[in-house]
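# Inside the fold
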Amino acid sequence: MNTETTEYDVVVLGGGPAGMMAAGRAASRGLRVLLIEKNVVLGKKLSITGGGRCNITNAEFDIRTLLKHYGKAEQFLYAPFAQCGVQETFNFFTERTLPLIIEEKKRAFPETQKATDVVRVMEHYVRSNGCVVRTGTAVRGFEMNGDSIIGVHTSAGVVNARAYVVASGGASHQETGSTGEGFTWLKKLGHTIHASNPNLVPLIVSEPWVKKLSGTVLPKVSISFKNEVRKIKKQGDVLITHFGLSGPVVLNSAYEVKEMLEDGMVQVSIDLFPKDDIGSLRAMFQKLIEDNPRKTLSNLLKSWFTKGVVEAILQSVPTDGRLTMSAMLTREMRYMLVDRMKNITLTVTGTKGLDWSVVSDGGVDLKDIDTRTMQSKIHPNLYVVGDVLHVNRPSGGYSLQLCWTTGFVAGNSVCV
Ligand SMILES: Cc1cc2nc3c(=O)[nH]c(=O)nc-3n(C[C@H](O)[C@H](O)[C@H](O)COP(=O)(O)OP(=O)(O)OC[C@H]3O[C@@H](n4cnc5c(N)ncnc54)[C@H](O)[C@@H]3O)c2cc1C
């Protein structure tokens, strides 16, 4: 195996958003930086974020409010976010001619609505600062001299440096390159690693009828998940898929539902009219029928719902919506339809697992990391950033902001 003669100041392991930010920042400080990525391109996962639009951060500029979304990591993240927070993310991309726009729930996207533009900006940041980029090269682990890290083994030989930044990502969507290898290396180095678990992951249901309704969005509904010991209730948009449920509110509930599944199946109830009680909804429906006596039931319901939602309501009602005239509906049937609008029931049997999860939980215990620098407390020439850290967070741009912040802090602190 070759041992490279060139000495670098810093080797960054992994060319995702956190690695590119760390490498670019370190190189901008005049350090000799090598970025190693096993894919042939940088930022493969970054290029599919936000459905290809990249929810780049969350435009919550109040650090206290923002950090409440990071669960147990809240305290740990104060110091890094004070160095590089949401405002800095806005400034960074705007200065590089990629201004951001803010949508619902403060989710920020590049104005161009293209994740590939974010990859382009980051790659340019890395290369224009003189960082050497080596793609198509896999890291295999660290070279040690006693307890000290002196190099990294790669598919192209050993590389030596003064410091190393682990930015190899988590274990979700492994086809993008994030295969969780960093956890193995760091465990060997004495770090505490929490097991990877799918988080922000779609849910599988047992009812086969969902297949026919794949792609249907149930907007602004209330959804509750219940088993014998626990009940959680949330509001938001639900997406029906060919296997079950997805969409923001489902992904953000998945962590708790996963815990509930340990006690068996979980019952779901979806309320399409969370703001109306059953009495007022019955009255509204009665009025709709009186205004449209000659419409078929299907067409009547289409005055209120999209075609897919109409199907979802009708699938468990004992009448053919295409034939039944609305004026012919019995009181019992009207009440049953309204009940269905307030309570579409499903049974969750599992999650779609790591391959489908937006982020995976697990990673390096934050107790092992210096909050001001992202430096390992065990190995002073080692830094850890991005998804490799054990930080639980919801969807909405919080994951990428964690990458920009921790990547910047490591790039700013390394070899000081
Ligand atoms: C479908 C999807 C949509 C998402 N959308 C959003 C969103 O809109 N907003 C948001 O905030 N978050 C989103 N996320 C989460 C976000 O993408 C991740 O949090 C982020 O990519 C983590 O960045 P990272 O740099 O830590 O790791 P990664 O992006 O996983 O990058 C790690 C890199 O290291 C490389 N690597 C791994 N092992 C090795 C090795 N042995 N040798 C060399 N290289 C290696 C990998 O190939 C990879 O390129 C989404 C995730 C998914 C899967």
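Residues numbered from 1 in each chain as written. Predicted model: local features only at pLDDT ≥ 70, side-chain atom pairs only at ≥ 80, totals over all residues. Heavy atoms only, no water.

Our next topic: the domain arrangement of the protein chain. Accessible area lost during the coming together of the parts is what is often quoted as the interface size. One can read the domain layout of the protein chain as domain 1 (8-197 + 359-413) and domain 2 (202-352). Between the C-alpha centres of domain 1 and domain 2 the distance comes to 40 Å. (Domains from an automatic or database assignment.)

Turning our eyes to something else, we now look at the sheet that holds strand β4 (residues 100-102). Taken in spatial order, the three strands line up as β3-β5-β4 in an open sheet, and their pairing is antiparallel. The strands lining the two open edges of the sheet, one partner per strand, are β3 (57-58) and β4. Direction of pairing for β4 relative to strand β5 (residues 107-110): antiparallel, over a ladder of three bridges. Bridge pairing links Leu100 to Pro110 in β5. (Pairing = 2+ DSSP bridges. Helix = DSSP H or I, 4+ residues; strand = E, 2+ residues; numbered from the N terminus.)

Burial of strand β2 (residues 33-36) is two-sided: the residues Val33 and Leu35 facing one way and the residues Leu34 and Ile36 facing the other way are all buried. Inspection of the sheet shows β2 paired to strand β6 (residues 132-134) by three bridges, in the parallel sense. For Leu34, the partnering residue across the bridge sits in β6 and is Val132. (Buried < 20%, exposed > 50% of the residue type's maximum accessible area, 1.4 Å probe, protein only.)

Moving on: the site of the ligand. In the vicinity of the ligand, 35 residues are found, and the nearest of them are Glu37, Ser178, Glu181, Asp387 and Leu400. Separating an oxygen atom of the ligand from a side-chain N or O atom of Ser178 is a distance of 2.6 Å. The backbone of Asp387 places a nitrogen or oxygen atom 2.8 Å from an oxygen atom of the ligand. For the ligand, the protein covers 95% of the area, taking 1,000 Å² as the surface of the free molecule. Sorting elements by how many residues they give to the shell around the ligand places helix α12 (residues 398-413) first, with four residues. Split by residue class, the shell around the ligand holds 12 nonpolar, 17 polar and six charged. (Near = heavy atom within 4 Å. Polar contact = N/O pair within 3.5 Å; in protein donor to acceptor, adjacent residues only side chain to side chain. Areas by Shrake-Rupley, 256 points an atom, 1.4 Å probe, with all protein chains shown as cover. Nonpolar A, V, L, I, M, F, W, Y, C, P; charged D, E, K, R; others polar.)

Formed by 83 residues in total, the largest nonpolar core has its most connected members in Val11, Tyr70, Phe93 and Phe142. Once residues lying within four places of it in the same chain are set aside, the contact partners of Phe93 are Ile56, Leu98, Pro99, Leu100, Val118, Val121, Met122 and Trp404. In terms of nonpolar packing, the next biggest core, distinct from the first, is built from 47 residues, Trp209, Leu218, Val257 and Val310 among them. (Core = buried A, V, L, I, M, F, W, Y, C linked by side-chain atoms within 4.5 Å. Contact = heavy atoms within 4.5 Å.)

The subject of this paragraph is helix α10 (residues 307-314). Counting buried positions along α10 yields six of eight residues, so the element is predominantly enclosed. When we look at burial in α10, the residues that qualify are Gly308, Val309, Val310, Ala312, Ile313 and Leu314. If you follow the buried residues of α10, they end up packed against β13 (217-226), α9 (297-302), α11 (331-342) and β17 (344-351).

Right, let's talk about helix α4 (residues 86-95) for a bit. Of the positions making up α4, those classed as buried are Val86, Thr89, Phe90, Phe92 and Phe93. Looking down the long axis of α4, one finds its buried residues gathered within 165° of arc, a one-sided arrangement. Positioned one or two residues after α4, Thr97 has a phi angle of 55°, which is positive. (Arc of directions from axis to C-beta.)

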